[in-house]
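Letter by letter, the chains look like this.
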Amino acid sequence: MRFQKTSVAIAVSLALGCVGNAHADQTSDMQAKLDALQKEIQELQAQIGALRKKQEQAAPAAAAAPAKAPANEVKAGKELVFKVGGGEVQLYGHADVSLDDQTNGMTGFLHNGLPVTGHNGWLPDVSSNLSFFGVRGNRAVSDDLKGVFQFETEISYAATPGASDQAADTTAQKYSLGSRNSFVGLQSEEYGAIKLGKTDTPYKSATARLDPFASTPGDYNAIMGNSGGDNRSEFDFRAPHAVWYESPNIQGVHANFLVSPGQNRSTDTGLYAQGEPDCSGGNSTGGLNGDAGQPTSCEDGSFATLYSFDLTYESGPLYATVAYELHKDVNRIGDEIVPGTIGIRDESAYKLGVQYTFPTKTTLNVLVERLQRDAITDSLDERTHTATWLALTQGLTAFDDLNLGWAHVGRTPGQPVEGVNDKFGNSAPAGSSNNEANLYTIGIKHRFVDKRTTAYLTYSSLVNGYWAHYSLGAGGHGLPTRNYVGDKFIGGCQSGGNCGPPFSGNNAEAVSVGVTYDF
């Protein structure tokens, strides 16, 4: 019995010992695993810390670097501007098309004792009026200097592109690329800009905003800037082959100065300027130098070097400007009957303009202009005169304006002999005579909600004095009302017609309704 008890005790002791050894082995294994896990956690924490430190060091550089833009991004805003190659390029344009009814006021005029022929009186038309398309752009070349460019072309919406019988000249192709203001240059906010190409002269641009009837038959250039009547405003000019400076705006004051070299090796400015398809100032009859159809020489207003300057001031409702332009060696030999009596002389012009907008939404425009020829014979000088322009714009609503305009040109010291005929077919004599003229225009303009689309209605009346021969729409309306009868064309007469030369003393009138769109 005692032996059994002893055996049991030994068995229990052995069993407990085995259990204890097993528990000890498990505890040791668990501790090893915990130590390994803790080591892995420490290594992971070290890696996370290193990664966080690397990110913190890279953050300032990432913030300084701008996000990469698309190659060609459309700039936000109302204009069609693209960001291209670190610069900007803008597409823009203006469409202006009208339905007109115009009369040349020559019904019943006589030539050689017989009534003139042709469809005189009222005639309807659809006209494109200085509509254009352009591309301009700029790119910074330093902190305060940009390279700039522009090319602009007239667009024919209603007529077939090409030379027109209504143009002031018939050789320049005004619908070709770059026919309007086009240039390349450098521009600085602090120092201004210098550009090379062709552009409206400072003299022309200085008072453009004073004419609410621009490009309509009542455009003020029927008289203003017009040195001799007909369909040419010789001091409302786009100067080709020119270089000009545009000053920065200094407390509302701004100036422009332009020079257009003559580029003419002829002794009397009687040939085309080199590189040009036209007599300077226009009035060609076809062909290039030396080709068939080319006029014997440019003897009706061709000039050598042109100088143009304007100074403007704008502050709040006030805009004021003074401008001057000089045409050197103007060839008027074509007006001579006796050689050497008119010849080649300088012609110049200066003007003073003021625009003021009152709190009543009333804008008043006043312009006084003096044109001068250094005449050889005063009694043959039809270029020297004083002209005035008065225009009023009254805002009727937020979208509608009423416009009124009156231009007057005074008498000249004289006129070329036989330059025009009166209504009875008599030739003009030399000496001072009644060649005054008045232009009256009234119109209403409506802007649609987008303000890029407008509609307008105008009525214009050009009352020529007995020997005056100005034309409606000379400033850019697609179909000016010339002082020719229906069968006459430049340089001749339709076969079988009774045309006569240009006539004076007519009362041209026009009604025009049109639509414009800007983009």
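Structure: above.
First, a word on scope: everything that follows refers to the structure included in this document. All figures in this text were calculated on a predicted structure; none of them were measured in a lab. (Residues numbered from 1 in each chain as written. Predicted model: local features only at pLDDT ≥ 70, side-chain atom pairs only at ≥ 80, totals over all residues. Heavy atoms only, no water.)

Here's the deal with the overall build of the chain
A count of helices and strands for the chain gives two helices and 23 strands. Looking at the chain as a whole, 44% of its 519 residues qualify as buried. Long-range contacts, defined here as pairs at least 24 residues apart, represent 66% of the contacts in the chain between residues at least 6 apart. For the chain, the accessible surface area stands at approximately 26400 Å², while carbon and sulfur atoms represent 60% of it. (Helix = DSSP H or I, 4+ residues; strand = E, 2+ residues; numbered from the N terminus. Buried < 20%, exposed > 50% of the residue type's maximum accessible area, 1.4 Å probe, protein only. Contact = heavy atoms within 4.5 Å. Areas by Shrake-Rupley, 256 points an atom, 1.4 Å probe, with all protein chains shown as cover.)

A look at the state of the cysteines
Joining two cysteines, a disulfide is a covalent bond between their sulfur atoms. Evaluation of the coordinates by the stated rule reveals two disulfides. One disulfide in the model links cysteine 279 with cysteine 298; its S-S distance is 1.9 Å. Disulfide cysteine 279 to cysteine 298: torsion about the S-S bond roughly -75°, handedness left-handed. Placement of the pair is cysteine 279 in the loop between β12 (253-260) and β13 (306-315) and cysteine 298 in the loop between β12 and β13, with a sequence separation of 19 residues. The burial state of cysteine 279 is the same as that of cysteine 298; both residues are buried. Here cysteine 493 is linked by a disulfide to cysteine 499, with a sulfur-sulfur distance of 1.8 Å. Here cysteine 493 and cysteine 499 share a disulfide; its torsion about the S-S bond, 70°, makes the bridge right-handed. Here cysteine 493 falls in the partly exposed class, since its relative accessible area comes to 30%. (Disulfide = S-S within 2.5 Å.)

A few points about the pattern of salt bridges
Within this structure, the stated rule accounts for 21 salt bridges. One salt bridge connects aspartate 200 with lysine 204, and the closest N-O pair in it is separated by 3.1 Å. For aspartate 200, a relative accessible area of 17% gives the class buried. For glutamate 347, the salt bridge goes to arginine 373, with nearest N and O atoms at 2.7 Å. Of this pair, glutamate 347 sits in strand β15 (residues 344-357) while arginine 373 sits in strand β16 (residues 362-373), placing them 26 residues apart in sequence. By the burial criterion, glutamate 347 is buried, and arginine 373 matches it. Among the charged side chains, a salt-bridge network with shared partners connects Arg232, Glu234, Asp300, Arg332, Asp335, Glu347, Arg373, Glu382 and Arg383. (Salt bridge = Lys/Arg side-chain N within 4 Å of Asp/Glu carboxyl O.)

These results come straight from atomic positions and should not be treated as a statement about function.
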